[in-house]
Amino acid sequence: MVTLSLALLLLSFQWAWAQKDPLLPFSEHLDPENKVQLKWGFDEIQGTILFEVTVNTSGWVGFGFSPKGGMTGADIVIGGVGPEGSYFTDRHAVGNSMPVVDQQQNYKLLSLTESDGKTVMNFQRSIKACDENDLTITNLPMKLIYAYGQTDDITYHSTRRGTKELNLLKYMPKVNPPNSKYFDMTMINFTVPANHTYYHCKIMKAPRFDQKQHIYRIEPLITNIDVVHHLLLYRCPPSVTEPFETECYTGMDGQCVEAVAVWGVGGGAFEFPEVAGLPIGGNVGDVFYRLEVHYNNHNISADRVDNSGLRFYYTSELRQHDAAILGTGLAVDPGYAIPPKAKSFLTYGLCDTAYFPKVLEKPHDLQVFAVMLHTHLAGRRLRVGHFREGKQIDLLAVDENYDFEYQDVTNLGKTKTVKLGDKLLVECTYNTENRNTLTWGGLSTLEEMCFATLFYYPAMDLNGCMSFPNTTTLRSEMGTPNITTWLHMMSTKIWNDTSINEYQQTLKRIDQLVIIANSFKNMSRNTGLIPNLSVIPSAPCMSGCDTKHLALSSLLLCLLVQKYY
């Protein structure tokens, strides 16, 4: 009876682990024969990284990080399932000899199984080094080493070893699916106006595909890197049937509102995860798209000709899910002001997914895998808080040192589930110490925005989920119900630490207008309040179970305790 209960517990744990596949979105074979597979995912906010190593062996398995690709100085774990139970140890190598067991065990074993001639180790560690025998996992490519034996007698590995260099935290899979092709959507010989800020929109027809295709890679094509600040591509409704170009936000370009691609200055190519792709084509006739280019012509040059745009790699080998992007944050409105002389001024944009059913017939959870954060020149920090049932459960994304000249799409390292009913709060921090006048919300580089663009699957017909402080309440709270009086008061007010803090607290305290818009420009206007956002501390260094020689019952107990790591 006890044995049956333990077996059921183990099966329960294995089933639960199977549900966590989104935590291991990346995969590479480390050897040419495909006998050693590494899967991993990470959480930079928590400061942890998760690994699954699968090796075609019933013997011991070693995996680690090496400074130069060899044994000397390597940070290694060795594990397996032997006749007396499972074993797993954190070690380091001082030379081409048996790695020494670390005095401090900083890897946490989650599961270790052996069946059908394969050994599978699931374990977690801190991204940063926890002692002098560990190596920090960096944003640069690292040399990974592996070795394994045919038995559980940990002896010389012979030729069963190897090295592979991977960038674990900035991973971009080299995917070349069958029938892979590409098409470009760009400006053609567009003369950039001699304006500091200019947004140009070009509506053009996409290639027509009789059968649906999946875009799996988006690559920027930038001809004026010092002038082009960011690109957006929007899908147009069927009512748009002719190509044309115009300055953005002046007329018909506003019909195309469903964002499908984004690129920011400093960013590179972007790969979709293996389970999702951006859909295009099918039996839908001609589809038009709007390419929006933000030109930041800092030197007011009058002779710049631009051909910038995006290249889309696609395949007919469809993936499991259609991907999409969703804009969240603070709605862009000129009625929003950031005071001058502020060292650290906070603004907030609220997305309440409980309102999705008001604009969607079949709303569902979002599996978020990447985020692009965006403000303008005064932006210093962005955070995206994740709330469920009134409590903060996570920080979806964070940039503590925002750089206007480097705005890349950031892979989250694992897929994060935003359940229907959850709230997302985008918090932006601004510094206006060098400004003497108000900074208004708006499109200009010298104005401000506060956005988080979420990349997710499965796709929904959503365009935006944003908020804006109730301006009527705001003016009433500040004793100036008339908008003209309010504008005069804001422009002539003496701004100091006290008045700045009072204004910031008022903006956060009052009711917010929460706007949900679908791809067909249908909107739902609701109200909400800004929750308190906390900084989630990084996880402490791992402290693994004593797994040098665990029996099944002890291993089960260890795994069940660690199930909610």
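Since the structure is predicted, the reported quantities are computational estimates derived from the model, not experimental observations.

Caption draft 1: Region of interest: the state of the cysteines. Scanning all chains against the criterion turns up five disulfides. Here Cys236 is linked by a disulfide to Cys256, with a sulfur-sulfur distance of 2.1 Å. Its S-S torsion of about 100° marks the bond between Cys236 and Cys256 as right-handed, since a negative value means left-handed. With a gap of 20 residues between them, Cys236 in the loop between β16 (228-235) and β17 (244-247) and Cys256 in the loop between β17 and β18 (258-264) connect regions that are remote in the sequence. Classification of Cys236 as buried rests on a relative accessible area of 8%. At a sulfur-sulfur separation of 2.1 Å, the disulfide partner of Cys351 is Cys465. With the S-S bond torsion at 100°, the cross-link from Cys351 to Cys465 turns out right-handed. One end of the pair, Cys351, is in strand β27 (residues 345-352); the other, Cys465, is in strand β35 (residues 462-469), with 114 residues separating them in the sequence.

Caption draft 2: The environment of Lys143, seen in detail. One can find Lys143 in strand β10 (residues 142-148). Through-space distance from the C-alpha of Lys143 to that of Pro67 is 6.8 Å; in sequence the pair is 76 residues apart. Once residues within four sequence positions are removed from consideration, Lys143 is found in contact with Gly64, Phe65, Ser66, Pro67, Lys68, Gly69, Thr163, Lys164 and Glu165. A distance of 3.2 Å separates polar atoms of two side chains, one belonging to Lys143 and the other to Glu165.

Caption draft 3: Structural context of helix α3 (residues 483-492). Along α3, the residues classified as buried are Trp486, Met489 and Met490. Seen along its axis, α3 keeps its buried residues to an arc of 95°; they face one direction. The exposed set on the far side of α3, more than 90 degrees from its buried face, consists of Thr484, His488 and Ser491. In this fold, the buried residues of α3 make contact with β26 (337-338), β33 (439-440), α2 (471-477) and α4 (497-509). For α3, the N-terminal cap is Asn482; the gap from its side-chain oxygen to the backbone nitrogen of Thr484 is 2.8 Å.

Caption draft 4: Up close: the pattern of salt bridges. Under the counting rule described, the total for this entry stands at 20 salt bridges. The salt bridge involving Lys164 is made with Glu28; its shortest N-O contact spans 3.0 Å. Taken together, the positions of Lys164 in strand β11 (residues 161-166) and Glu28 in strand β1 (residues 26-29) put the pair 136 residues apart, joining distant regions of the chain. Exposure remark for Lys164: the relative accessible area of 26% places this residue in the partly exposed category. Overall, the relative accessible area of 19% leaves Glu28 in the buried class. The closest approach of N and O atoms between Glu258 and Arg235, which form a salt bridge, is 2.8 Å.

Caption draft 5: Inspection of the confidence of the model for the protein at higher detail. Summing up the model confidence of the protein, the mean pLDDT is 88 and the portion of residues at 70 or higher is 91%. The element-level mean pLDDT for the protein is lowest in helix α1 (residues 2-18), coming to 38, with strand β32 (residues 423-430) highest at 98. The low-confidence segment residues 546-565, where pLDDT is below 50, has 43 contacts with residues more than four positions distant or belonging to other chains.

Caption draft 6: Main features of the environment of Lys164. Put simply, Lys164 and Ala517 are 353 residues apart on the chain and 46 Å apart in space, counted from C-alpha to C-alpha. Lys164 has contacts with Glu28, His29, Leu30, Met142, Lys143 and Leu144, leaving out every residue within four places of it along the chain. A distance of 3.0 Å separates a polar atom in the side chain of Lys164 from a polar atom in the side chain of Glu28.

Caption draft 7: Expanded view of the packing of aromatic side chains. Summed over the entire model, instances satisfying the criterion amount to 30 aromatic pairs. Each ring, one from Phe183 and one from Phe209, has its centre 6.3 Å from the other, and the planes form 50°; the classification is tilted. Pair noted here: Phe183 is in strand β12 (residues 181-186) and Phe209 is in the loop between β14 (197-205) and β15 (213-221), with a separation of 26 residues, a long-range link. Overall, Phe209 belongs to the buried group, its relative accessible area being 12%. Directly above the ring of Trp495 sits Lys493, whose terminal nitrogen or CZ lies 5.7 Å from the centroid.

Caption draft 8: Structural view of the nonpolar core. Grouped together as the largest cluster of nonpolar side chains are 67 residues, with contacts concentrated most on Phe356, Val368 and Leu462. By size, the runner-up hydrophobic cluster in this structure holds 47 residues, among which are Leu232, Leu291, Ala323 and Phe455.

Caption draft 9: Local environment of unusual backbone geometry. Here the amide bond leading from Tyr457 into Pro458 is cis, since omega sits at -10°, within 30 degrees of zero. Mapped onto the fold, Pro458 is located in the loop between β34 (450-457) and β35. If you check the backbone angles, Ile300 has positive phi at about 55° while not being a glycine. For Ile300, the position within the fold is in the loop between β21 (288-296) and β22 (305-306).

Each value, and the rule that gives it
- Residues numbered from 1 in each chain as written.
- Predicted model: local features only at pLDDT ≥ 70, side-chain atom pairs only at ≥ 80, totals over all residues.
- Heavy atoms only, no water.
- Disulfide = S-S within 2.5 Å.
- Helix = DSSP H or I, 4+ residues; strand = E, 2+ residues; numbered from the N terminus.
- Buried < 20%, exposed > 50% of the residue type's maximum accessible area, 1.4 Å probe, protein only.
- Contact = heavy atoms within 4.5 Å.
- Polar contact = N/O pair within 3.5 Å; in protein donor to acceptor, adjacent residues only side chain to side chain.
- Arc of directions from axis to C-beta.
- Salt bridge = Lys/Arg side-chain N within 4 Å of Asp/Glu carboxyl O.
- pLDDT = per-residue confidence, 0-100.
- Phe/Tyr/Trp six-rings, centres within 6.5 Å; stacked < 30°, edge-to-face > 60°.
- Lys NZ or Arg CZ within 6 Å of the ring centre and 35° of its normal.
- Core = buried A, V, L, I, M, F, W, Y, C linked by side-chain atoms within 4.5 Å.

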